[in-house]
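Each chain, letter by letter, is given below.
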Amino acid sequence: MNKRARVRDIAAAAGVSIATVSRVLNDHVSVAPRTRELVLQAMARSGADAPEGRRRTVHVRCPYLLTDYFGLIVSSIAETLRLHGVRMVLDAGVSSQHADVLTTLPDEPDVDAAILILPPEDGERLVALARRGFPFVVVDPRTAPPPDIASVSAAHLAGARALTAHLVDLGHRDIGVIAGPLDWLAGDARTAGHHAALAQAGVLPARHRVHHVEPTAAEGVRAAAELLDEPNRPTAIVCFNDKLAVGALQAAHDRGLRVPADLSVAGFDDIDLSRATRPALTTVRQPLQEMGRIAVTQLMRILDGHRPEALHLELSTTLVVRESTGPAPV
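Residues numbered from 1 in each chain as written. Predicted model: local features only at pLDDT ≥ 70, side-chain atom pairs only at ≥ 80, totals over all residues. Heavy atoms only, no water.

(A) Structural detail: the overall build of the chain. Across its full length, the chain holds 12 helices and 12 strands. Across its three principal directions, the C-alpha atoms of the chain cover 85 × 35 × 30 Å. Scored against the burial criterion, the 330 residues of the chain give a buried share of 52%. Considering only contacts within the chain whose residues lie at least 6 apart along the sequence, 72% involve residues at least 24 apart. Accessible area of the chain: about 15,200 Å², with a carbon and sulfur share of 52%. (Helix = DSSP H or I, 4+ residues; strand = E, 2+ residues; numbered from the N terminus. Buried < 20%, exposed > 50% of the residue type's maximum accessible area, 1.4 Å probe, protein only. Contact = heavy atoms within 4.5 Å. Areas by Shrake-Rupley, 256 points an atom, 1.4 Å probe, with all protein chains shown as cover.)

Here's what the structure looks like:
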């Protein structure tokens, strides 16, 4: 009898799917204890050998280009998984955004768990995955994570508030915002932090000063151009990320504006690019590598049968002041 026929027979005897039997044979941790026992009993009756322990495998999904932002997170995850003796299967690239990965993950017999980085799927899809008993952790969630799903992110609101407070202390009151996409949790939180700092200074945020765009340098050029071409341009621009800020610096240069004498510009993330600009970019440092390490730690606890001490972790950010911000022009 070939192996496939034996697995099919065991599945029929236990009243489960072939995929479930394969998961038990591979010592997959997310099989319910009762289901595992049914399969083991069917195996015993058929004379099949019980499964031996195997190396765990974690599916890491990052449906974006592995730039210096996502690349740092993925590299940290890979290094930490290796320390735990866990094998990583990487699924990266923009084309993965349109793949129905979450539906098929629980049926992969050789995958024990997953780490999902900025998943494009909504909360209902994540809940559906969790209900199937499949362990996973979300890093940098795009939308508010459901209450019972483990996630790791940066303190976006606090970081943006500190950045705008820095500009307020320099005398800026008319501040333009190049925000991220409307449906991103981080973008909403950073905009809220910006508004909170302005409110603390007694300034009512102006809706026309906020532009929501995709987080690319080209979009930064376009959005900054619109802000700077207004009759009364802002004295400072804060951006959702460093790439947008690089675009804002380019738009300022194209108009003969001096940074920071005529215009202050600030970003968010503190990727390598922020130190390569002239002037160097004031920004907010996200603990990207620490996010990856903690995501693995959370996942290991779940795989070992423990509930994480905190399901939704927000890691502290750090304001990094460089030469692109200065006193408001008089």
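From this point, things continue past the structure.
(B) Here's a closer look at the pattern of salt bridges. According to the stated counting rule, one finds 17 salt bridges in the structure shown. The partner of E219 in a salt bridge is R222, and the shortest N-O contact between them spans 2.8 Å. Placement of the pair is E219 and R222 together in helix α9 (residues 217-228), with a separation of three residues, close to one helical turn. Given the relative accessible area of 22%, E219 is considered partly exposed. In this structure R222 comes out as partly exposed when scored by relative accessible area, which is 38%. Of the charged contacts in the structure, one is a salt bridge between R285 and D270, with a shortest N-O distance of 2.6 Å. Remark: D270 occurs in the loop between β9 (264-266) and α11 (273-276) and R285 occurs in strand β10 (residues 283-285); sequence separation between them is 15 residues. The structure contains a network of salt bridges with shared partners spanning D270, D272, R275, R285 and R322. (Salt bridge = Lys/Arg side-chain N within 4 Å of Asp/Glu carboxyl O.)

(C) Structural context of the packing of aromatic side chains. Across all of its chains, the model carries three aromatic pairs by this definition. Here the aromatic cluster, defined as three or more aromatic residues joined through ring pairs, consists of Y64, Y69 and F70. Cation over ring: R190 sits above F240, and NZ or CZ is 4.4 Å from the ring centre. Here R190 stacks its cationic end above the ring of F268, 3.8 Å away from the centre of that ring. (Phe/Tyr/Trp six-rings, centres within 6.5 Å; stacked < 30°, edge-to-face > 60°. Lys NZ or Arg CZ within 6 Å of the ring centre and 35° of its normal.)

(D) Focus on the environment of H156. Tracing the sequence through the fold places H156 in helix α7 (residues 156-169). Exposure remark for H156: the relative accessible area of 7% places this residue in the buried category. Between the C-alpha atoms of H156 and Q286, which are 130 residues apart in sequence, the distance is 8.6 Å. Only 3.1 Å separates the side chain of H156 from the side chain of R190, close enough to count as a polar contact. (Polar contact = N/O pair within 3.5 Å; in protein donor to acceptor, adjacent residues only side chain to side chain.)

(E) Structural view of empty space enclosed by the protein. Inspection of the entire model under this criterion finds two cavities of 30 Å³ or more. Taken as a whole, the largest cavity holds about 120 Å³ of empty space. Along its surface, the largest cavity is lined by 16 residues, and A160, V177, R190, V238 and C239 are the ones closest to its centre. Those elements giving two or more residues to the lining of the largest cavity turn out to be α7, β6 (175-179), α8 (185-200) and β8 (236-239). Counting residues per element, the lining of the largest cavity draws most heavily on α8, which supplies four residues. Split by residue class, the lining of the largest cavity holds nine nonpolar, six polar and one charged. (1 Å grid on protein atoms, 1.4 Å probe; cavity = no way out; pocket = protein on both sides within 12 Å on 5 of 7 lines; lining within 4 Å. Points joined across faces, edges and corners; volume = space filled by probe spheres on them. Nonpolar A, V, L, I, M, F, W, Y, C, P; charged D, E, K, R; others polar.)

(F) Inspection of the packing of helix α4 (residues 70-83) against helix α12 (residues 288-303) at higher detail. For the pair α4 and α12, interaxial distance at closest approach is 7 Å and the crossing angle is 40°. By the angle between their directions, the pair α4 and α12 is classed as oblique. In this structure, α4 crosses over α12, and the sense of that crossing is right-handed. Each of L72, I73, S76, I77, T80 and L81 in α4 lies in contact with α12, whose residues at this interface are L288, Q289, M291, G292, R293, V296 and M300. In terms of residue class, the contact of α4 with α12 is made up of eight nonpolar, four polar and one charged. (Axes fitted to C-alpha atoms, helices over the stretch in contact; angles between N-to-C directions. Parallel < 35°, antiparallel > 145°, perpendicular 65-115°, else oblique. Left-handed = near helix turned anticlockwise from the far one by under 90°.)

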